[in-house]
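Architecture at a glance
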Amino acid sequence: MKPDIRKFVTYDEEVLIEGFRQASQPWRMFAVAAVVRNPWAGRYVEDLKPEIQAYGPILGEAMTERMLDLAGIGDAIEAYGKAAVVGLNGEVEHASGLIHTLRFGNHYRQAVGAKSYLAFTNTRGPANAPIMVPLMDKNDAGRRSHYLTIQFSIADAPRDDEVVVVLGAATSGRPHHRIGDRYQDLKDLGHDVDNPAAV
């Protein structure tokens, strides 16, 4: 059982000026999307596990390889994330199923030497729907400079019976970040890092 991949799409953005000020180094965000036929489209399927387990490693390996080609080397990636958009003849559960498996995400996580979980979105939409890929620091979930979002769309995807699966990355945080990190907030509030809501 293999995913039926119609195409791969690459998004690549390099920002030289942000907030009316030159960046000290280019701020680069990029993504790879796989447009995949939804094996569960148009019907209710109780057990999604067989397809998830079969598709995850294949998509994870192919997409991670393309991300590394864009980055040059895994160490160049500082922030990362993932997303999926299911077409209108599918469930959000289908989008979730394809990206929320370690068989998919661990390929990327290991290739970039990450400790943090992959930030994510899973949504439903028509062709040309906005694809939002949230990013965060691959090793420090509290580093706000690396809270980023890649946004793009694919004119002909997802079709009603497809899922767009995406990996995203950035080579740095925002060029002129100046809002601190969550650890200072926790300190100011007298909260513990391991219990940020103080419950």
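What you see is a predicted model, and the numbers here were worked out from it, not measured in a lab.

Sheet faces and side chains relate simply in a regular strand, where the side chains alternate between the two faces. Extensive coverage of strand E3 (residues 79–86) is indicated by the burial of eight of its eight residues. Covered by surrounding structure in E3 are Ala79, Gly81, Ala83 and Val85 together with Tyr80, Lys82, Ala84 and Val86, the residues of both alternating faces. Examined bridge by bridge, E3 and strand E7 (residues 162–170) share eight bridges and lie antiparallel to one another. Paired with glycine 81 across the bridge in E7 is glycine 168. The pairing of E3 with strand E4 (residues 119–124) spans six bridges and is parallel. Looking across to E4, one finds that alanine 84 is bridged to asparagine 122.

In this section: the nonpolar core. Leu59, Met63, Ile77, Tyr108 and Val165 are the most contacted members of the largest nonpolar core, which has 29 residues in total. Considering each element in turn, this core owes the most residues, six residues, to helix H1 (residues 49–71). With near-sequence residues (within four places) excluded, valine 165 lies in contact with Val32, Ala33, Ala34, Leu59, Met63, Ala83, Ala84, Leu98, Ile99 and Phe104. Counting residues in each nonpolar core, the second largest holds 22 residues, with Val15, Ile131, Ile150 and Ile154 among its members.

Turning to helix H3 (residues 102–111), its buried residues are Phe104, Gly105, Tyr108 and Arg109. When H3 is viewed along its axis, its buried side chains cluster within an angular range of 115° and face the same direction. Among the exposed residues of H3, those pointing more than 90 degrees away from its buried face are Leu102 and Gln110.

This part covers the packing of aromatic side chains. Tallied over the full model, the rule gives two aromatic pairs. Centroid distance tyrosine 11 to phenylalanine 152: 5.1 Å. Interplanar angle 15°. Geometry classified as stacked. Of the two residues, tyrosine 11 sits in strand E1 (residues 5–18) while phenylalanine 152 sits in strand E6 (residues 148–152), which places them 141 residues apart along the sequence. Here tyrosine 80 and tyrosine 108 contribute two aromatic rings whose centre-to-centre distance is 5.5 Å and whose plane-to-plane angle is 55°, an arrangement assigned as tilted. Placement of tyrosine 80 in strand E3 and of tyrosine 108 in helix H3 is noted, with a sequence separation of 28 residues between them. For the pair shown, tyrosine 80 and tyrosine 108 are each scored as buried. Above the face of the phenylalanine 8 ring, arginine 66 is positioned so that its terminal group lies 3.7 Å from the ring centre.

Turning next to unusual backbone geometry. Between alanine 157 and proline 158 the backbone carries a cis peptide bond, its omega angle lying at 0°. With respect to the element layout, proline 158 can be found in the loop between E6 and E7. Unusually for a residue other than glycine, phenylalanine 20 sits at a positive phi of about 65°. Considering the arrangement of structural elements, one finds phenylalanine 20 in the loop between E1 and strand E2 (21–37). Even without glycine at this site, asparagine 128 takes up a positive phi of about 70°. By the element assignment, asparagine 128 lies in the loop between E4 and strand E5 (131–137).

With respect to the helices and strands, the residue alanine 119 is situated in strand E4. By relative accessible area, which is 9% here, alanine 119 ends up buried. Expressed as a C-alpha distance, the spacing of alanine 119 and leucine 148, which sit 29 residues apart in the sequence, is 10.0 Å. With residues up to four places along the chain from it excluded, the contact list for alanine 119 reads Tyr80, Gly81, Lys82, Pro134, Leu135 and Met136.

Reading the values: the criteria
- Residues numbered from 1 in each chain as written.
- Predicted model: local features only at pLDDT ≥ 70, side-chain atom pairs only at ≥ 80, totals over all residues.
- Heavy atoms only, no water.
- Buried < 20%, exposed > 50% of the residue type's maximum accessible area, 1.4 Å probe, protein only.
- Helix = DSSP H or I, 4+ residues; strand = E, 2+ residues; numbered from the N terminus.
- Pairing = 2+ DSSP bridges.
- Core = buried A, V, L, I, M, F, W, Y, C linked by side-chain atoms within 4.5 Å.
- Contact = heavy atoms within 4.5 Å.
- Arc of directions from axis to C-beta.
- Phe/Tyr/Trp six-rings, centres within 6.5 Å; stacked < 30°, edge-to-face > 60°.
- Lys NZ or Arg CZ within 6 Å of the ring centre and 35° of its normal.

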